[in-house]
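Observations on chain architecture
What follows is the residue order along each chain.
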Amino acid sequence: MNQLTSWIEANPVVGPVVAVIALLLVAYLAGVVVRRLVLRSIGRLVTRTRAAWDDVLVERKVFSRFAQIVPAAVIYYGLPLIPGLPDTVVLVAQRVAAASVILFVAAGISAALTAANEIYNRRPDAQDRPIKGYLQVINILVSVVAFVLIVARVIDRSPVVFLSGLGALTAVALLVFKDTILSLVASLQIAANDMVRIGDWIEVPQFGADGDVVDLALHTVKVQNWDKTITTIPTHRLITDSFKNWRGMSEAGGRRIKRAINIDMSSVGFLSEEEIDRLGSWELLFDYVADKRAATQAFNVAREVPEGVTPHSRRLTNLGTFRAYALAYLRAHSDTHKDMTTMVRQLAPTASGLPMEIYVFSKDTDWHVYESVQSDIMDHLVSVLPAFGLRVFQDPSGSDVRALTEGRS
């Protein structure tokens, strides 16, 4: 021991080096103690509670991030206690340790914000009011503040003095953070006006997006299209550009069916008495035919229209009767919404026939059910057309041309 003491006194550098190594060892042991004792105790305590938020804090390693402060703090406060170290070395090492503490605090706050978003998303109303964008803004502010404090600590200047020197860089900062500023303003407007929520079905033709919103962040909105692809849209473009949100349809509880059947106008005509009797026996047309028959007879009698004079008499048409049947069929259908608009109307005639449009709402807004209801209605109406003496118009196909050619030959 005497020889070791003499050797250390003869080599003054050895003492501080040994002390620094010992300080680093103490810092390492302090980190081990925190991780193995404190963090494990917190983990066991969390598993015993019924609350879910503390589990998220552990999963997101919030406590682990803050625990990294302990070794840096030990080094920061232990360096001045070592005799023989140059002041410059102590000053530089303390600045690095202080910067590390600030960095670990910022990392812990960032992890806490991520955990807060996950905890909030477990609320039933989280999709209506997402906070991810706001938390990202706070995270950016924390990162900026941490950067300023770290730089100020390293150069040993007041953060106020450092910030005052950034005045000349304001224009550059605005250019660098232009998208962030636009996205922040857009996020505030989207949230204030409740324009988009997670789970909404939106259409943004400019980006080819047509599907459900799966993520609503500060800079981007992710839409999962119906083909399962993902379209990423800048958040501010939802403010500057137009888009369609189908949430109103889902909330209303009815989805519109709007289809037209093109009627061959050469098949439109008056109904004979036999056809009127046959159609009047149908349950959906019983009241209509009875009312119309009485109205037409009263009209013809009042104007003394001679019997058999077709142009001057009022008679039932197969197209009008079919329109009445289609309307009654839609109103009686079990899958149509009775409190919403139900209508069958004629559109302007075209070279492709006379469009008869079906306008009704299904009770179920689910895509599969909606398409099934829509197809069932169109199947039935197209199939029942021949019973009214009507034909569907369609362009001639190859078989039609071949049949006509064979008939002439």
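Right, let's walk through the structure included here. Worth saying up front: this structure is predicted, and the values here are computed from it rather than measured.

What counts and how
Residues numbered from 1 in each chain as written. Predicted model: local features only at pLDDT ≥ 70, side-chain atom pairs only at ≥ 80, totals over all residues. Heavy atoms only, no water. Axes fitted to C-alpha atoms, helices over the stretch in contact; angles between N-to-C directions. Helix = DSSP H or I, 4+ residues; strand = E, 2+ residues; numbered from the N terminus. Parallel < 35°, antiparallel > 145°, perpendicular 65-115°, else oblique. Left-handed = near helix turned anticlockwise from the far one by under 90°. Contact = heavy atoms within 4.5 Å. Nonpolar A, V, L, I, M, F, W, Y, C, P; charged D, E, K, R; others polar. Buried < 20%, exposed > 50% of the residue type's maximum accessible area, 1.4 Å probe, protein only. Pairing = 2+ DSSP bridges. Patch = residues over 30% accessible without salt bridge, like charges linked within 9 Å, V, L, I, M, F, W, Y side chains within 5 Å. Areas by Shrake-Rupley, 256 points an atom, 1.4 Å probe, with all protein chains shown as cover. Salt bridge = Lys/Arg side-chain N within 4 Å of Asp/Glu carboxyl O. Lys, Arg positive; Asp, Glu negative; His and termini not counted. Charge placed at Lys NZ, Arg CZ, Asp CG, Glu CD.

1. Considering the packing of helix 15 (residues 318-332) against helix 16 (residues 367-384)
Two elements in contact, helix 15 and helix 16, have axes whose closest approach is 11 Å; the angle formed by their N-to-C orientations is 150 degrees. Classified by the angle between their axes, helix 15 and helix 16 sit roughly antiparallel to one another. For helix 15 against helix 16, the interelement crossing comes out right-handed. Only Asp 376, Ile 377, His 380, Leu 381 and Val 384 of helix 16 make contact with helix 15, whose side of the interface consists of Phe 322, Tyr 325, Ala 326, Tyr 329 and Leu 330. Broken down by class, the residue content of the contact of helix 15 with helix 16 amounts to eight nonpolar, one polar and one charged.

2. Concerning the pairing of strand 4 (residues 230-234)
Because side chains alternate across strand 4, one face comprises the buried residues Thr 231 and Ile 233, and the other comprises Ile 230, Thr 232 and Pro 234, none of which is buried. Strand direction decides the pairing type here: strand 3 (residues 220-225) and strand 4, joined by five bridges, are antiparallel. When the sheet's bridge partners are listed, Gln 224 is paired in strand 4 with Ile 230. Connecting strand 3 to the antiparallel partner strand 4 that follows it, the hairpin turn spans four residues, and Lys 228 within it adopts a positive phi of roughly 75 degrees.

3. Let's talk about a negative patch on the surface
A surface patch of negative charge is lined by Asp 335, Asp 364, Asp 366, Asp 376 and Asp 379. Assignment of secondary structure puts Asp 366 in the loop between strand 8 (354-362) and helix 16. On the basis of relative accessibility, which here comes to 38%, the residue Asp 366 falls in the partly exposed class.

4. Overview of the sheet that holds strand 7 (residues 343-346)
Spatially, 6-8-7 is the arrangement adopted by the three strands of the open sheet, whose pairing is antiparallel. In the strand order of this sheet, the two ends are held by strand 6 (255-263) and strand 7, each with one partner. Between one strand axis and the next, the sheet turns through 20 degrees on average, direction left out of account. Pairing between strand 7 and strand 8: four bridges, direction antiparallel. By the bridge assignment for strand 8, Val 344 is matched with Ile 358. Those strands touched by helix 15 are strand 6, strand 7 and strand 8, and its axis lies near 155 degrees from that of strand 7. Against the sheet, helix 16 engages strand 6 and strand 8, with an angle of about 25 degrees to strand 6.

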